[in-house]
Amino acid sequence: MTSLVLSLIFVAFFVFCIKKNTMRWPVFVFNLVFFLYGLGVTLIIEYALPQGVLIKGSGSDVWPPAVVAMLALAAAVAALVLKKGGPHSNPAKTTGLRWVILAGGVLMQALGMALALMTIYTTYFAQPGGAHAQAVLYVMLAASWLACGLLYLASRFNTAAKPNLMRWMALGSGFFPLGHLPTSVTLILIYAAPGVGQVIHLHAASLQMTAYVPYIVLFTLLARDFQRPEPARQAPA
């Protein structure tokens, strides 16, 4: 119930920012959420790992999520002070291919998540060794970079009448359906990986958080590219 209420609050906030025609505040808040994810995983690794179980990792695995948290926090602050890019020349009409590219970005990350879960919940994953956990890591990292690349490409196809439509679509798609997936895989690798007895794939789980780097980059670029309407000029008396 709590997660549903929070989701509705974030959606309402997002819609409010669209109405107010400001992207810096949602980018600030969304990056702040990524900061909290990174901080939460850092604290879990440092203080809340289950005791008496096999841990495949080391003490240095606390650093990747901590670095991601710091990057997200820096990007959140930068979104409020970031100097906007130059004006864009938007055509009167644009191709419908932009929607295909946008959908491709969402499906790419969803496919990465599906492949990651299929890899985790197979008999192969429970076998001795560590290559299976690394496979999950590589799949999610590749899917995240490709997905964010496609979302940013889609964000470039705007019209003069709606100069930020695809930027809003890319931002919303990057956060609401996709932005929580890397943390989900990380927590599965720590707390819910199958096997004979509990095994914590700490190294792969820690590096999994670096899948947020392309999202941080994407949101920063969207905030930079955002076009605010020019103030209306009064006609000379």
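Here the structure is a predicted model, which is why all the values come from computation and not from measurement. (Residues numbered from 1 in each chain as written. Predicted model: local features only at pLDDT ≥ 70, side-chain atom pairs only at ≥ 80, totals over all residues. Heavy atoms only, no water.)

Enquirer: Help me understand the overall build of the chain in this model?
Expert: Tallying secondary structure elements over the chain gives nine helices and two strands in all. When the helices and strands of the chain are placed in sequence order, the string is α-α-β-α-α-α-α-α-β-α-α. In the chain, 82% of the contacts between residues at least 6 apart in sequence involve partners at least 24 apart. Summing over all exposed atoms, the chain offers an accessible surface of approximately 12200 Å²; the carbon and sulfur share of this is 71%. (Helix = DSSP H or I, 4+ residues; strand = E, 2+ residues; numbered from the N terminus. Contact = heavy atoms within 4.5 Å. Areas by Shrake-Rupley, 256 points an atom, 1.4 Å probe, with all protein chains shown as cover.)

Enquirer: Explain the side chain of Asp61 to me, please; I cannot follow it from the model alone.
Expert: In this fold, Asp61 is placed in the loop between β1 (54-55) and α3 (63-81). Salt bridges are absent for the buried Asp61, whose nearest opposite-charge side chain, Lys56, sits at 12 Å. At a separation of 2.8 Å, a polar atom in the side chain of Asp61 contacts the side chain of His203. Those residues within four positions of Asp61 in sequence are excluded, and the remaining contacts are Ile45, Leu202, His203 and Ser206. (Buried < 20%, exposed > 50% of the residue type's maximum accessible area, 1.4 Å probe, protein only. Lys, Arg positive; Asp, Glu negative; His and termini not counted. Salt bridge = Lys/Arg side-chain N within 4 Å of Asp/Glu carboxyl O. Polar contact = N/O pair within 3.5 Å; in protein donor to acceptor, adjacent residues only side chain to side chain.)

Enquirer: What exactly am I supposed to notice about the packing of aromatic side chains here?
Expert: Two numbers describe a pair of aromatic rings. These are the distance of the centres and the angle of the planes. All chains considered together, the criterion is met by 16 aromatic pairs. With a centroid separation of 5.4 Å and 70° between ring planes, the pair formed by Phe14 and Phe176 is classed as edge-to-face. Taken together, the positions of Phe14 in helix α1 (residues 2-20) and Phe176 in the loop between α6 (165-175) and α7 (181-191) put the pair 162 residues apart, joining distant regions of the chain. The buried category is assigned to Phe14, whose relative accessible area is 9%. A centroid spacing of 5.7 Å and a plane angle of 80° characterise the contact between Phe30 and Phe176, whose relative ring orientation is edge-to-face. (Phe/Tyr/Trp six-rings, centres within 6.5 Å; stacked < 30°, edge-to-face > 60°.)

Enquirer: Explain the nonpolar core here, please?
Expert: In a soluble, globular protein the nonpolar side chains are often hidden away together inside. Counting 57 residues, the largest nonpolar core has Phe34, Leu171, Phe219 and Leu222 as the members making the most contacts within it. The element best represented in this core is helix α2 (residues 24-47), accounting for 10 residues. Ignoring sequence-local partners within four residues, the contact set of Phe219 consists of Val27, Phe30, Asn31, Phe34, Leu171, Gly174 and Phe175. (Core = buried A, V, L, I, M, F, W, Y, C linked by side-chain atoms within 4.5 Å.)

Enquirer: Can you walk me through the environment of Pro50 in this structure?
Expert: Its location among the elements puts Pro50 in the loop between α2 and β1. As a C-alpha pair, Pro50 and Ile190 span 140 residues in sequence and 8.9 Å in three-dimensional space.

Enquirer: Explain helix α9 (residues 213-225) here, please?
Expert: The α-helix advances 3.6 residues per turn, and as a result positions three or four apart in sequence lie on the same side. In a regular helix each residue adds 1.5 Å, so 13 residues correspond to 18 Å; α9 covers 18 Å between its end C-alpha atoms and thus fits that length. Among the residues of α9, those classed as buried are Pro214, Tyr215, Ile216, Leu218, Phe219, Leu222, Ala223 and Asp225. On the buried face of α9, the contacting elements are α2, α3, α4 (97-120), α5 (131-155) and α6. (Expected span 1.5 Å × (residues − 1).)

Enquirer: Any chance you could explain the environment of Ser184 here in plain terms?
Expert: Within the secondary structure, Ser184 sits in helix α7. Through-space distance from the C-alpha of Ser184 to that of Gln208 is 9.7 Å; in sequence the pair is 24 residues apart.

Enquirer: Looking at this structure, how should I read the confidence of the model for the chain?
Expert: Low pLDDT means the predicted atomic positions in that stretch should not be read closely. For the chain, the average pLDDT comes to 89, and 89% of its residues sit at 70 or higher. Every residue in residues 232-237 is under pLDDT 50, and counting partners more than four places away or in other chains gives zero contacts. (pLDDT = per-residue confidence, 0-100.)

Enquirer: Just to check I follow, could you spell out the side chain of Arg98 for this structure?
Expert: Following the sequence through the fold, Arg98 ends up in helix α4. Beyond its immediate chain neighbours, meaning those up to four positions away, Arg98 contacts Ala154, Phe157, Asn158, Thr159, Leu165 and Met166.

Enquirer: Is there a simple way to explain unusual backbone geometry in this structure?
Expert: One can expect most non-glycine residues to show negative phi and most peptide bonds to be in trans. Even without being a glycine, Asn21 presents a positive backbone phi close to 60°. Among the secondary structure elements, Asn21 is positioned in the loop between α1 and α2. We classify Asn21 as partly exposed; its relative accessible area is 21%.

Enquirer: Looking at this structure, I do not really get the pattern of salt bridges. What am I missing?
Expert: Side chains that differ in charge, positive against negative, can pair when their charged atoms come close. Tallied over the full model, the rule gives two salt bridges. The residue Asp225 makes a salt bridge to Arg224 at a minimum N-O spacing of 2.9 Å. Through salt bridges with shared partners, a single network forms among Arg156, Arg224 and Asp225.

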